[in-house]
Each structure stands twice: as structure tokens, then as C-alpha cells.
Amino acid sequence: MSQPHRAVLCFLLALGLIGLGASRPQLPCGVYSGQALAERLIVFNRVPKVGSTALLYAFAALHKQHKIHFLHSTTFHDMSPSGSEKSSACSLLGNVSSIYSRSRYRKDLSRREWSRPLVFDQHTRFASFHSARLPTPPHINIIREPVHRLVSGYYYLIKGPREPSLMAAERRRRGDQANYTIDECLAVPLAERRCGLRGDFNLLTAFFCGHEAPCDCVGPGSRPRAPPGQTFAEEQEWSERTGKAPRCIDSERTAALARAIANIEQHYVVVGVSPLLHEFLSVIECKLPRLQGLASYPIPRAKTTAGGYETPSPAAQAELARLVDLDVALYEHVTARFSKQYHQCFPSNPPLSFD
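Please read all numbers here as calculations on a predicted model, not as lab measurements. All residue numbers refer to position in the chain's written sequence, counted from 1. Given that this is a predicted model, residues contribute local features only at a pLDDT of at least 70 and side-chain atom pairs are listed and counted only at 80 or more, while totals for whole chains, interfaces and linings are drawn from all residues. With hydrogens and water set aside, each side-chain value is computed from the structure's full complement of heavy atoms.

Enquirer: Would you mind going over the environment of Ser-296 with me for this structure?
Expert: Secondary structure elements are taken from DSSP: a helix is a run of H or I of four residues or more, a strand is a run of E of two residues or more, and numbering for both begins at the N terminus. Here Ser-296 shows up in the loop between α11 (277–287) and α12 (314–323). For this analysis, a polar contact is any N or O atom pair within 3.5 Å, provided that within protein one partner can donate a hydrogen and the other can accept it, and provided that sequence-adjacent residues contribute only side-chain to side-chain pairs. A polar contact is formed between the side chain of Ser-296 and the backbone oxygen of Gly-293, at a distance of 2.7 Å.

Enquirer: Looking at this structure, I do not really get the packing of aromatic side chains. What am I missing?
Expert: Within a pair of aromatic rings, the relevant descriptors are the distance that separates the centres and the angle that separates the planes. Each Phe, Tyr or Trp ring (for Trp, its six-membered ring) is paired with any other whose centre lies within 6.5 Å, and the angle between the two planes then decides the class: stacked below 30 degrees, edge-to-face above 60, tilted in between. Going through the model one piece at a time under the given rule, you end up with seven aromatic pairs. Seen in terms of ring centroids, Phe-208 and Tyr-268 are 4.9 Å apart; in terms of plane orientation they differ by 65 degrees. Their pairing is edge-to-face. Placement of Phe-208 in helix α8 (residues 203–209) and of Tyr-268 in strand β5 (residues 268–273) is noted, with a sequence separation of 60 residues between them. Arranged with centres 5.1 Å apart and planes meeting at 50 degrees, the rings of Tyr-342 and Phe-346 form a pair that is tilted. Placement of a charge over a ring requires the Lys NZ or Arg CZ to be within 6 Å of the ring centre, with the centre-to-atom vector within 35 degrees of the ring normal. The side chain of Arg-174 reaches across the aromatic face of Tyr-154, ending 4.6 Å from its centre. Above the plane of the ring of Trp-238 lies Arg-247, whose end atom (NZ or CZ) is 3.6 Å from the centre.

Enquirer: Sorry if this is basic, but what is going on with the side chain of Glu-285 here?
Expert: Of note, Glu-285 is situated in helix α11. A distance of 2.8 Å separates the side chain of Glu-285 from the backbone nitrogen of Ala-295, its partner in a polar contact. Here a residue-residue contact requires only that any non-hydrogen atoms of the pair lie within 4.5 Å. Setting aside its immediate chain neighbours within four residues, Glu-285 contacts Leu-291, Gln-292, Gly-293, Leu-294, Ala-295 and Ser-296.

Enquirer: Just to check I follow, could you spell out the confidence of the model for the chain for this structure?
Expert: Detailed reading of the predicted coordinates is not advisable wherever pLDDT falls low. Per-residue confidence from the predictor is reported as pLDDT, which spans 0 to 100. Confidence along the chain averages 82 in pLDDT terms, with 79% of residues attaining 70 or more. Note that pLDDT drops below 50 for residues 4–28; the model gives that stretch 54 contacts with residues more than four away or on any other chain. Residue range residues 31–35 is modelled with pLDDT below 50. Its contacts to residues more than four positions away, or to other chains, number 22 contacts.

Enquirer: Quick question: what am I supposed to make of the environment of Phe-120 here?
Expert: When you line up the elements, Phe-120 lands in strand β3 (residues 118–121). Along the primary structure Phe-120 and His-139 are separated by 19 residues, whereas in three dimensions their C-alpha atoms are 9.7 Å apart. In this view, Phe-120 contacts Leu-41, Ile-42, Val-43, Phe-44, Leu-71, Ser-73, Leu-92, Asn-95, Val-96 and Ile-99; residues no more than four positions away in its chain are not counted.

What follows is the structure, encoded as C-alpha cells:
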């Protein structure tokens, strides 16, 4: 066995992802149970367009100082629900081991610093490890005011900063509506709208909810929404009559929000709020002492959309708030929770402001 392969094998053994001997029960996804996994792995399932990229420099700095293992996934992943929490959890574990095995960080394995926490970040929905008979590791995340995030994401697709080829492809998809402002886009009838702002935009709720129903009623790739007030029985009758899959009724969307909030309370040590990045790192240090040193690293200024963009009118902002109604409710919960955590950690500091 070559030295690199031996190093990877040692890492997976120590992490509890594989085992030796037949006495340990094999899990459905082909890995083995072990407390070492829960003790070392910290998942940062980053929500897109919230300014979290700047935070990666702080985690990379701690890795450089040999205080943590930091693994960054460049896979955007499918933001749509996969339909299975188990397969999603197994996919995440496989990604962790795959990235580690091919990264330059594997040289650290020879030092046998197995006690160092392993922070893994990826743009992906929450996945419950319980479905794979593994303890769900602690999670961290950060969010942004939903309407601001939606506005930023709208212009990011065509103005960047991102790959020119991707922006060109998006402009071709939008056609003669490529340069529309948000106000102009919302004025286009939905059936003729190519400039975006179609479908469900509750991405924050989706990232904290997960994959299985009712989470398939929120975010990209979600099932269509039934008319307001539609009952489950009425939707089943419509499905049988049309031969199409049942659409999401209001109670399922409400259940998705409730599950997202429950996951935050149960599995997320800290959920911060942008642009309070330094405060977010400070609370992480307070709640997770294993990550001491994060807040001491200077955070670079986040890149902004090239050329800026026109601020939507009050009417357009009200319509955008309607498109992200669940995210607005989740944001209010997170800001209250983060304020409380910050006060617990730093009682002598002034209260936080989210304006």
C-alpha cells in the first residue's frame, strides 16, 4: 500500500468512517458508526449569497495553524430536495472522505493529530445523520435578510462577480429581458417572465429544513404550490384527475418552516446573521471552544455585484417579501436566537443591531 493510501486509511479509521473486523455493524451507506465522527466533524452547510465566503479565510487560517482540519467543497450541490435524508447524509460523508483523500492536507495525517476538529463546508441542504444511524454532528451557518439576499442573487446571476461564461449563459436564457431591473421583471406577466423571479424562493427555509417531505415544498426544485386554501383531499382529487403529482398545500409549507426551526434548535450550535461576521465568529468561539482563534482573523471585505444595481421600489420589495414569506419568518427567529446567544457570551457588550 502506498504512503498516501495508507494515510487516508488511517484517517478514515480514526474518524470512524470505516472499521476493521466483522463485529461492527455496517450502516446502510457503507460506513461504520463511531463516536469519533460526532466528536470531530462540524458541518457548515453554507447558504448562497449571504456573504459567507469571506468567513472561509478564517477557517483556512486556523487550518494553517494546525488547530483544525478545514475541508472546502467546491461542489455547489443540487439545492433541490433529493427525497432522502439518508442518501444525502451518506453523500455528504462520502464527499468529506473524498476531498480529504485528494487534498494537500493529507500530509497532516502523519502527525496523528486526530483530536483536531474537522470543519467541512458545502452549499447543501441540511441532512439528518440519524437516518443513517449516525449521530448528527454540530452544524453552524449564517443567513442574510431574505429580501436583500434575493435582490443580490438576482443581479449576481447576470453581473457577477462570477465566471463570464456562466453570466453569458444566464443572459442568453433571459433573452431580451436580461437587463431588466427587478421592478421591470416583476411587471412582466408570470407566463411571459424569462428574467427570473419564478417559483419558490424560500432558500433559507430549504437549507435548514432538509430533503424529505414537507421540505420538498420550499426552495429550488420544490413541488408547485396549490391554490391558497386548497385542502389535502381536494389536492388528492386534483392529482388523480390530472395524473400529476400533488402540489404543496399551505399546511405543508407551514410544516417545512416548523421543521427548519426545529433543526436550528436541535442541531445548529450557532446561526449568525450577515453582515455581523465578526460577531458570528466570536459566538462560535464562545459556543465551540475547539475553534478558538476564529474571531482574531481579519475578515476580508466581501465582493459586491459589479456596477451595483438599482434598489427595488417599495412595491417591488413588498412583492419580494411575499415570495420569501417563510424565510422572513425564519429570519426573525434566527435574529432573536442569535441576539440571545451573543448576550449570553458577551453580557457587557451593547445589544446587536440588524439594520
